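Overview (structure and organization)
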Amino acid sequence: VFLGWIFSSSDGSVGFVYFFSEVSFESLAIDQVNNVLYAGAGANGIIYRCTLSTGCDSLGDFSIATDTAESAIMKMYIDPVNNVRYAGSNTGGMIFRCALSTGCDSASDFTTAYDTPETWSYSFVVDVNNAVLYSGSATGGIIYRCLLSTSCDAAGDFTTAYDTPQGYIHAL
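Everything in this summary refers to the structure shown in the same document. Throughout, residues of each chain are indexed from 1 in the direction in which the sequence is written. With pLDDT at 70 or above as the cut-off, local features in this predicted model cover only qualifying residues; side-chain atom pairs require 80 or more to be listed or tallied, and sums for whole chains, interfaces and linings still use all residues. The basis for every side-chain value is the complete set of non-hydrogen atoms in the structure, without hydrogens or water.

Before going further, it helps to spend a moment on the overall build of the chain. Strands are runs of DSSP state E lasting at least 2 residues, helices are runs of H or I lasting at least 4, and numbering of each runs from the N terminus. Helices and strands together make up the secondary structure of the chain, namely zero helices and 14 strands. Counting from the amino terminus, the chain carries its helices and strands in the arrangement β-β-β-β-β-β-β-β-β-β-β-β-β-β. Looking at the chain residue by residue over its 172 residues, the buried ones come to 48%. Contacts are assigned to residue pairs with any non-hydrogen atoms lying within 4.5 Å of each other. Contacts in the chain between residues at least 24 apart in sequence constitute 38% of all its contacts with a sequence separation of at least 6. Looking at the chain as shown, the accessible area adds up to about 8,000 Å², and 53% of this sits on carbon and sulfur atoms. A simple rule labels every residue: compare its accessible area, found with a 1.4 Å probe on the protein chains alone, to the largest value its type can have, and call it buried under 20%, exposed over 50%, or partly exposed in between. In short, Shrake-Rupley with a 1.4 Å probe defines the accessible areas, and a residue's cover is counted only from the protein chains shown.

Right under this line is the structure:
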């Protein structure tokens with residue numbers, strides 16, 4: 001999503017268009033358990049939330065879930081197995097975590113799972129067969145690994161899986 005526009009449609013056509021005051025949204029994620037849409041702002045590190053039953057088609061449908069000290073929320077990932085939402089940031093390379101059972105609707109629901117030494121936390125994926133969360137970073141291009149059995153809620157849970165020669169890991 002660019003320039004703060006969020007498009008909403010129930011039938012695949014462009015229905016309602018809303019312009020936020022944000023410069024951009026870098027990430028979107030849907031929590032299928034609680035039926036919530038999350039939007040990560042690209043200019044101020046705010047994570048917005050909207051209950052899908054509202055239609056998410058007007059400003060009043062959205063609320064601030066948390067306002068981080070980061071400059072952008074680059075990527076969000078919902079782990080459907082453990083019902084946890086992760087968010088990666090830009091300028092501090094933070095990995096934020098929120099258990100979906102909390103509703104992820106206030107700042108106190110979010111914790112810093114890992115403050116990476118990187119500038120950006122850019123991508124996430126879970127290896128379901130081996131129960132491992134991976135996170136790709138920038139500007140050093142490091143892929144971090146966390147065994148889901150640790151809950152991935154503390155810095156010591158994360159290790160370097162691979163220090164690539166690349167600068168950016170945009171997708172895993």
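Moving on from the model shown.
Once that is clear, we can look at the side chain of D61. Its place among the elements puts D61 in the loop between β5 (46-51) and β6 (62-67). Despite being buried, D61 has no salt bridge partner; R49 is the closest side chain of opposite charge, sitting 11 Å away. Distance and chemistry together define a polar contact, namely a pair of N or O atoms within 3.5 Å, with one atom able to donate a hydrogen and the other to accept it when in protein, and with adjacent residues in sequence counting only for side-chain atoms on both sides. A polar atom in the side chain of D61 sits 3.4 Å from the backbone nitrogen of C56. Sequence-distant contacts of D61, that is, excluding residues within four places in its chain, are made with R49, C50, T51, T54, G55 and C56. Counting rule applied: Lys, Arg positive; Asp, Glu negative; His and chain ends not counted. Whenever a carboxyl oxygen of Asp or Glu lies within 4 Å of a side-chain nitrogen of Lys or Arg, that contact is scored as a salt bridge.

This paragraph deals with the sheet that holds β6. Spatial strand order, β3-β4-β5-β6: four strands in an open sheet with antiparallel pairing. Each edge of the open sheet is held by one strand with a lone partner, namely β3 (25-31) and β6. Taking each pair of neighbouring strands and ignoring which way they run, the sheet shows an average axis angle of 25 degrees. In this scheme, strands are said to pair when DSSP sees at least two bridges between them. Pairing geometry for strand β4 (residues 36-41) and β5, over five bridges, is antiparallel. In the sheet register, Y38 faces β5, and the bridge partner there is R49. Here an angle of 0 to 180 degrees is reported between the N-to-C directions of two axes, which are lines fitted to C-alpha atoms, with helices fitted over the stretch in contact.

Further remarks concern the side chain of R97. Of note, R97 is situated in strand β9 (residues 94-99). We note that R97 is buried and unpaired, the nearest opposite charge coming from D153 at a distance of 5.1 Å. Here S151 takes part through its backbone oxygen, which lies 2.8 Å from a polar atom of the side chain of R97. Those residues in contact with R97 that lie beyond four places of it in its chain are V84, R85, Y86, D109, F110, T111, A113, S151, C152 and D153.

Attention shifts here to the environment of T111. Here T111 lies in strand β10 (residues 111-115). Since its relative accessible area comes to 37%, T111 is described here as partly exposed. T111 sits 42 residues away from D153 along the chain, and the two C-alpha atoms are 7.6 Å apart. Discounting chain neighbours no more than four positions away, the residues touching T111 are I95, F96 and R97.

Moving on to the pairing of strand β13 (residues 142-147). As defined by bridge partners, strand β12 (residues 132-138) adjoins β13 across five bridges and the pair is classed as antiparallel. Following the sheet pairing, V132 is matched in β13 by L147. What sits between β12 and β13 in their antiparallel hairpin is a turn of three residues, with G141 showing a positive phi close to 65 degrees. Pairing geometry for β13 and strand β14 (residues 158-163), over five bridges, is antiparallel.

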